[in-house]
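So the chains spell out like this:
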Amino acid sequence: MKEKSLHPEYDIYIDIAKEDIHLLIYLVEAEAHIMNVRKKQENGYFKIIVPAGLVAEAVTLLNSLKNSDIKVEVVSIEPHNGII
């Protein structure tokens, strides 16, 4: 049984080069219902919204990209703030 999370969704902020964003979107859209890719935020990081039960899987997927041509770094994981 999965643990119940305090928040239904989390925001994962990543640092990624602008030219790599389209490749990231292709990759995460292939993994249906794991992540909702948003846009660059005021803080300069790229925001991804993830259901609470899939945060670990999403981070694993993002970290696996470090071995590819896409350079991505998870900067922070925070409860979703309701802003898309």
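Residues numbered from 1 in each chain as written. Predicted model: local features only at pLDDT ≥ 70, side-chain atom pairs only at ≥ 80, totals over all residues. Heavy atoms only, no water.

The protein is annotated in an unreviewed UniProt entry as DUF4911 domain-containing protein from Petrotoga olearia DSM 13574.

S.K.: Help me out: how do you make sense of the side chain of D11 in this one?
M.R.: Structurally, D11 is set in strand β1 (residues 9-16). Beyond its immediate sequence surroundings of up to four residues, D11 is in contact with K47, I48, I49, S76, I77, E78, P79, H80 and N81. (Helix = DSSP H or I, 4+ residues; strand = E, 2+ residues; numbered from the N terminus. Contact = heavy atoms within 4.5 Å.)

S.K.: Where do I start with the confidence of the model for the protein in this structure?
M.R.: In regions of low pLDDT, the predicted coordinates are not meant to be interpreted in detail. Taken over all residues, the pLDDT of the protein has a mean of 82, while the share at 70 or more is 89%. Mean pLDDT values for the elements of the protein range from 74 in strand β2 (residues 36-40) up to 93 in strand β4 (residues 72-79). (pLDDT = per-residue confidence, 0-100.)

S.K.: How do you make sense of the environment of I84 when you look at a structure like this?
M.R.: Within the secondary structure layout, I84 lies in the segment after β4. Once you skip the residues sitting within four places of it in the chain, I84 turns out to touch R38, K39, K47 and I49.

S.K.: Help me out: how do you make sense of the pattern of salt bridges in this one?
M.R.: Charged atoms that come close allow side chains of opposite charge to pair. With the rule as written, the count across this model stands at one salt bridge. Between D11 and K47 there is a salt bridge, with the nearest N and O atoms lying 3.6 Å from each other. In this pair, D11 is assigned in strand β1 and K47 in strand β3 (residues 46-51), connecting sequence segments 36 residues apart. You'll find D11 and K47 in the same group, each marked buried. (Salt bridge = Lys/Arg side-chain N within 4 Å of Asp/Glu carboxyl O. Buried < 20%, exposed > 50% of the residue type's maximum accessible area, 1.4 Å probe, protein only.)

S.K.: So what exactly am I meant to see when it comes to the sheet that holds β1 here?
M.R.: Each strand in a sheet pairs with another by means of backbone hydrogen bonds, the pair being arranged parallel or else antiparallel. The strand order β2-β3-β1-β4 describes an open sheet built from four strands, whose pairing is antiparallel. Every other strand in the sheet has two partners, leaving β2 and β4 as the edge strands with one partner each. Looking at each pair of strands side by side, their axes are set apart by 25° on average, direction ignored. Alignment of β1 against β4, held across seven bridges, turns out to be antiparallel. (Pairing = 2+ DSSP bridges. Axes fitted to C-alpha atoms, helices over the stretch in contact; angles between N-to-C directions.)

S.K.: Help me understand the pairing of β3 in this model?
M.R.: The buried fraction of β3 is high, at five of six residues. Bridging between β1 and β3 involves six bridges; their strand directions are antiparallel. When the sheet's bridge partners are listed, Y13 is paired in β3 with K47. As paired elements, β2 and β3 share three bridges and run antiparallel to each other. By the bridge assignment, N36 is partnered in β3 with I49. The turn linking β2 back onto β3 is made up of five residues, and G44 within it adopts a positive phi angle of 90°.

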